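Spelled out, the chains give:
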Amino acid sequence: MSTEQDGVFLRNFALVIAALVGVTIFLIVVANSLFGDENPERDALVQERAEQNLAPSYAVRLSGEPAPALASADEAPADDAGGVVEVRSGEQVTQAVCIACHQGNFLNAPGIGDVDGWNERIGKGWDTLVSNVANGYGNMPAQGGAASEEEIRAAIEWMIETETGLAIPEG
Ligand code: HEC
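Fair warning: this is a prediction, and the values are worked out from it, not measured in the lab.

A. Just the coordination of the iron atom of the ligand, in detail. Only His102 (NE2) and Met140 (SD) from the protein coordinate the iron atom of the ligand, and they sit 2.0 to 2.2 Å from it. Between the 6 donor atoms coordinating the iron atom of the ligand, the angles at the centre fall across 85 to 179 degrees, so the site counts as octahedral. Taken together, the positions of His102 in helix α3 (residues 90-102) and Met140 in the loop between α5 (126-135) and α6 (149-164) put the pair 38 residues apart, joining distant regions of the chain.

B. The arrangement of a nonpolar patch on the surface in detail. Residues Phe9, Leu10, Phe13, Ile17, Val21, Ile25 and Val29 make up a contiguous nonpolar surface patch of roughly 680 Å² in combined accessible area. Inspection of the secondary structure assignment puts Val21 in helix α1 (residues 3-35).

C. Here's a closer look at the UniProt feature "transmembrane region" (unreviewed entry) in the chain. On the UniProt side, "transmembrane region" (unreviewed entry) is annotated at positions that read residues 12-35 here. The annotated region residues 12-35 carries 100% helix and 0% strand content, and the separation between its end C-alpha atoms amounts to 34 Å.

D. Broad picture of the pattern of salt bridges. Applying the stated rule across the entire model yields 2 salt bridges. Between Arg88 and Glu151 there is a salt bridge, with the nearest N and O atoms lying 2.9 Å from each other. Taken together, the positions of Arg88 in the loop between α2 (40-54) and α3 and Glu151 in helix α6 put the pair 63 residues apart, joining distant regions of the chain. Overall, Glu151 belongs to the buried group, its relative accessible area being 6%.

E. Geometry of the side chain of Glu161. When you line up the elements, Glu161 lands in helix α6. Buried within the structure, Glu161 lacks any salt-bridge partner; its nearest side chain of opposite charge belongs to Arg153, at an N-O separation of 8.9 Å.

F. Representation of the site of the ligand. Near the ligand, the surroundings consist of 22 residues, among which Cys98, Cys101, His102, Lys124 and Met140 are the closest. Within the side chain of Asn132, an N or O atom sits 2.7 Å from an oxygen atom of the ligand. Cavity membership is defined here by more than half of the atoms lying within 2 Å of grid points; on that basis the ligand lies in the largest pocket. It is α3 that contributes the most residues to the shell around the ligand, 4 residues altogether.

G. A look at the packing of α5 against α6. Relative orientation of the contacting elements α5 and α6 amounts to 115 degrees, with a least axis distance of 10 Å. Accordingly, the angle class assigned to the pair α5 and α6 is roughly perpendicular. Like other packed secondary-structure pairs, α5 and α6 cross with a definite hand, here right-handed. In this structure, α5 uses Trp126, Asp127, Leu129, Val130, Val133 and Ala134 to contact α6, whose residues at the interface are Glu149, Ile152, Arg153, Ile156, Glu157 and Glu161. Residues that form the contact of α5 with α6 fall into these classes: 7 nonpolar, no polar and 5 charged.

The rules behind each value
Residues numbered from 1 in each chain as written. Predicted model: local features only at pLDDT ≥ 70, side-chain atom pairs only at ≥ 80, totals over all residues. Heavy atoms only, no water. Donors = N, O, S within 2.8 Å, 3.2 Å for Na, K, Ca; no water. Tetrahedral: all angles 85-135°; square planar, octahedral: opposite > 155°, others 65-115°. Helix = DSSP H or I, 4+ residues; strand = E, 2+ residues; numbered from the N terminus. Patch = residues over 30% accessible without salt bridge, like charges linked within 9 Å, V, L, I, M, F, W, Y side chains within 5 Å. Areas by Shrake-Rupley, 256 points an atom, 1.4 Å probe, with all protein chains shown as cover. Salt bridge = Lys/Arg side-chain N within 4 Å of Asp/Glu carboxyl O. UniProt positions renumbered as here; feature names shortened; annotations may be inferred. Buried < 20%, exposed > 50% of the residue type's maximum accessible area, 1.4 Å probe, protein only. Lys, Arg positive; Asp, Glu negative; His and termini not counted. Near = heavy atom within 4 Å. Polar contact = N/O pair within 3.5 Å; in protein donor to acceptor, adjacent residues only side chain to side chain. 1 Å grid on protein atoms, 1.4 Å probe; cavity = no way out; pocket = protein on both sides within 12 Å on 5 of 7 lines; lining within 4 Å. Sits in = over half its atoms within 2 Å of the grid points. Axes fitted to C-alpha atoms, helices over the stretch in contact; angles between N-to-C directions. Parallel < 35°, antiparallel > 145°, perpendicular 65-115°, else oblique. Left-handed = near helix turned anticlockwise from the far one by under 90°. Contact = heavy atoms within 4.5 Å. Nonpolar A, V, L, I, M, F, W, Y, C, P; charged D, E, K, R; others polar.

And the structure:
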């Protein structure tokens, strides 16, 4: 390869490099003009998000500050702050809780609407039946955690009285 050829090669090479640098600068200028706008709103949002992400997941409550409201089942009873505690109907409670055993005689549980099965038990009267369901009886584990006493009462009424036509004596 002669010196002259080297010179041509170097010139061409330098031209190509220069062209690539030019294209790069051109692209940077275009990108900046399209996306490089100063946007204070967006900056503020980015800042806020960053602060949220960096903030600890706990907070120290200074004395006197009210505690934040927690979404907890045992809080906010009905008379407090006008909250409403929903009482399910007997049929709803039965479908949600009792049906697991009282349909299909699971563990020998009397079935919903089973006249003979219930007839021999209802003589115990309302109070005993409700408390047996709430606290557990024989093969039936306590249901007090799954339904309030009012709901248990409604469920018994629906499952036995409504569905069999039997009447449970008071007491
Ligand atoms: C995990 C199964 C299960 C669930 C859930 C269940 N029961 Fe029972 N229940 C039984 C069994 C089993 C018996 C029969 C208990 C025995 O005599 O040993 C029974 C008996 C009863 C009795 C008769 C109690 C007595 O003193 O003879 C009533 C009333 C009753 N259940 C109502 C309910 C109601 C209302 C619910 C829903 C709130 C419910 N049960 C949920 C299994 C269950």
